[in-house]
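Residues per chain are reported as follows:
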Amino acid sequence: MHFLDQAKIFVRSGSGGPGAVSFRREKFIEYGGPNGGNGGKGGDIVFEAVAGLNTLIDFRYTQHFRAPRGKGGAGSNMTGAGGEDLVIQVPIGTQVLSEDKEEVLADFTELGERVVFLRGGDGGRGNASYKTSTNRTPRQHGTGWPSEEMWVWLRLKLLADAGLVGLPNAGKSTFINAVTNAQAKVGAYAFTTTRPQLGVVRHKQSEFVVADIPGLIEGAAEGAGIGDRFLGHIERCRVLLHLIDANDEDVAESYRIVRGELAAYGAGLIDKPQVLALNKIDTLDDELIAALSAELEEASGAEVIPISAAAGTGLDWALDRLLEAIGPSGAVVGSDDEGEEEIAWSPV
């Protein structure tokens, strides 16, 4: 399935149905009076976050969503049928933005979350509701309240506990393939990853989700390379795993480039907890590994974990640090009674 994380759509709620103008016409009833019913309410536009979706590709082919309008009222004080609500299903993590992308109108972070986005118009009043002591045969009626419509942007931000960042070809895809069930493309060239990948890590009877995004290069904030549009997928991550290729000419400079792009993007990414790993150490000797780790520690002021995603070296160490940063909220593997309340024992 093709991955799409942005889509522009048009939504319009249903307008209210018109009220009826009707009078009783029954045998032996000389002055029947008005009996026109009200119009039905128009359908609402409702967004709902559902499971099983991880892309907005469906909105590339269907871009206009219109809820049905309410039916008109009828005689015998019959109210018109209301228009059915139009429910638009979106993946968890979707944001609804204004047309200029300046305002977040809705944000779906939980399964089953529903928001009535545009309310349908109320039905118009029938002539029976206009009857008064001085106006016994009203002929006026309401035409129904109009609908609401607007263009909006949908933006998907994948929900993950940990996010992978680094320069292109730093070994992020190899890492996520080694520690999760993902099958990311791996190649000996830059920008092998062209769209975000998700994988589930199972480590020490806990599990958490890792997101891999395309690599960053200097100037990504200005659109260089693939740019920084995919950084939105790690805004909600609790920790970032920064991978540095041990074969880079200057590992400290590689670290500074990525950190500079995170700072330029904003959204608090530069302030997130970070685990720093020196990758591809299987190609170096111990002395060079120690020298590069010391150089990287001096530049970052953080602990450096030497790993090799391809050989599986140091992966448990890195996963331990990620699990510590994520905290105790990770799911426990094999726990079937999670969330159940403890019931006190009673002999009765």
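Please refer to the structure higher up on the page.
About the cut-offs
- Residues numbered from 1 in each chain as written.
- Predicted model: local features only at pLDDT ≥ 70, side-chain atom pairs only at ≥ 80, totals over all residues.
- Heavy atoms only, no water.
- Phe/Tyr/Trp six-rings, centres within 6.5 Å; stacked < 30°, edge-to-face > 60°.
- Helix = DSSP H or I, 4+ residues; strand = E, 2+ residues; numbered from the N terminus.
- Buried < 20%, exposed > 50% of the residue type's maximum accessible area, 1.4 Å probe, protein only.
- Lys NZ or Arg CZ within 6 Å of the ring centre and 35° of its normal.
- Expected span 1.5 Å × (residues − 1).
- Axes fitted to C-alpha atoms, helices over the stretch in contact; angles between N-to-C directions.
- Left-handed = near helix turned anticlockwise from the far one by under 90°.
- Contact = heavy atoms within 4.5 Å.
- Nonpolar A, V, L, I, M, F, W, Y, C, P; charged D, E, K, R; others polar.
- Pairing = 2+ DSSP bridges.
- Salt bridge = Lys/Arg side-chain N within 4 Å of Asp/Glu carboxyl O.
- Polar contact = N/O pair within 3.5 Å; in protein donor to acceptor, adjacent residues only side chain to side chain.
- Patch = residues over 30% accessible without salt bridge, like charges linked within 9 Å, V, L, I, M, F, W, Y side chains within 5 Å.
- Areas by Shrake-Rupley, 256 points an atom, 1.4 Å probe, with all protein chains shown as cover.
- Lys, Arg positive; Asp, Glu negative; His and termini not counted.
- Charge placed at Lys NZ, Arg CZ, Asp CG, Glu CD.

J.: With reference to specific residues and values, describe the packing of aromatic side chains.
T.: The geometry of an aromatic ring pair is captured by two quantities: the separation of the ring centres and the angle between the planes. With the rule as written, the count across this model stands at 4 aromatic pairs. Ring geometry for phenylalanine 10 against tryptophan 151: centres 5.4 Å apart, planes inclined by 55°, an arrangement best described as tilted. Here the residue phenylalanine 10 occupies a position in strand 1 (residues 6-12), and tryptophan 151 occupies one in strand 8 (residues 149-156), the gap between them amounting to 141 residues. Tryptophan 151 sits in the partly exposed class, given a relative accessible area of 30%. Arranged with centres 5.8 Å apart and planes meeting at 55°, the rings of phenylalanine 59 and phenylalanine 65 form a pair that is tilted. A relative accessible area of 13% places phenylalanine 65 in the buried class. The lysine or arginine in question, lysine 101, covers the ring of tryptophan 153, its NZ or CZ lying 4.0 Å from the ring centre. Between arginine 125 and the ring centre of tyrosine 130, over which it is positioned, the NZ or CZ distance is 4.1 Å.

J.: Describe in detail helix 5 (residues 315-326), supporting the description with residues and values.
T.: With 12 residues, helix 5 ought to run about 16 Å at 1.5 Å a step, and its terminal C-alpha atoms sit 16 Å apart, in line with that. Within the span of helix 5, buried status applies to Leu315, Ala318, Leu319, Asp320, Leu322, Leu323 and Ile326. Residue glycine 327 follows helix 5 closely and has a positive phi angle near 95°.

J.: Summarise the packing of helix 3 (residues 251-265) against helix 4 (residues 286-300); cite the residues concerned and give the values.
T.: Packing of helix 3 against helix 4 leaves a shortest axis separation of 8 Å and a crossing angle of 35°. As for the relative orientation of helix 3 and helix 4, their crossing is right-handed in sense. Between helix 3 and helix 4, the residues in contact are Val251, Ala252, Tyr255 and Arg256 and Leu292, Glu295, Leu296, Ala299 and Ser300, respectively. The residue makeup of the contact of helix 3 with helix 4, split by class, is 6 nonpolar, 1 polar and 2 charged.

J.: Describe the sheet that holds strand 7 (residues 114-118), and please don't skip the residues or the numbers.
T.: In space, the 3 strands of this open sheet follow the order 4-2-7, with mixed pairing throughout. Strands at the two margins of the open sheet, each flanked by one partner only, are strand 4 (86-91) and strand 7. Sheet twist, expressed as the mean angle between neighbouring strand axes with direction ignored, is 30°. As judged from the 6 bridges shared by strand 2 (residues 45-50) and strand 4, these two strands associate in the parallel manner.

J.: So what's going on with unusual backbone geometry? Which residues, and what values?
T.: One non-glycine residue, lysine 101, lies in the positive phi region at around 65°. Mapping lysine 101 onto the fold places it in the loop between strand 5 (94-97) and strand 6 (104-107). Look at lysine 204: it is not a glycine, yet its phi comes out positive at around 55°. Its place among the elements puts lysine 204 in the loop between strand 10 (197-203) and strand 11 (206-212).

J.: Provide a residue-level description of the pattern of salt bridges, including the pertinent values.
T.: Under the criterion given, the structure shown has 14 salt bridges. When the shortest N-O distance is used, the salt bridge between glutamate 149 and arginine 12 registers 3.8 Å. Residue glutamate 149 is found in strand 8, and its partner arginine 12 is found in strand 1; the two are separated by 137 residues along the sequence. Taking the relative accessible area as the measure of exposure, arginine 12 reaches 30% and is therefore partly exposed. One salt bridge in this structure joins aspartate 122 and arginine 119, with 3.0 Å as the shortest N-O distance. Classification of aspartate 122 by relative accessible area gives partly exposed; the value is 33%.

J.: I'd like a rundown of the pairing of strand 6, residues and numbers included.
T.: Pairing of strand 5 with strand 6 involves 3 bridges; the strand directions are antiparallel. Looking across to strand 6, one finds that leucine 97 is bridged to valine 104. Linking strand 5 back to strand 6 in an antiparallel pair, the connection comprises 6 residues, with lysine 101 at a positive phi of about 65°.

J.: I'd like a rundown of the side chain of serine 22, residues and numbers included.
T.: Following the sequence through the fold, serine 22 ends up in the loop between strand 1 and strand 2. In terms of polar contacts, serine 22 uses its side chain to reach the side chain of asparagine 35, at 2.8 Å. In contact with serine 22, not counting residues within four places along its chain, are Gly33, Pro34, Asn35, Gly36, Gly75 and Asn127.

J.: Please set out the side chain of serine 15 residue by residue, giving values where relevant.
T.: With respect to the helices and strands, the residue serine 15 is situated in the loop between strand 1 and strand 2. The contacts of serine 15, once residues within four sequence positions are left out, are Gly42, Arg69, Gly70, Gly121, Trp145, Pro146 and Ser147.

J.: Residues and numbers for the environment of glycine 80, please.
T.: One can find glycine 80 in the loop between strand 3 (64-66) and strand 4. The buried category is assigned to glycine 80, whose relative accessible area is 11%.

J.: I'd love a proper account of the sheet that holds strand 5, names of residues and values included.
T.: An order of 3-1-8-5-6 is seen for the 5 strands of this open sheet, with the pairing classed as mixed. Every interior strand has two partners, whereas the edge strands, strand 3 and strand 6, have only one. In this sheet, adjacent strand axes meet at a mean angle of 30° when their direction is disregarded.

J.: Residue-level account of a negative patch on the surface, with values.
T.: A cluster of acidic side chains, namely Glu249, Asp250, Glu295 and Glu298, defines a negative patch on the protein surface. The topology assignment puts aspartate 250 in the loop between strand 12 (239-245) and helix 3.

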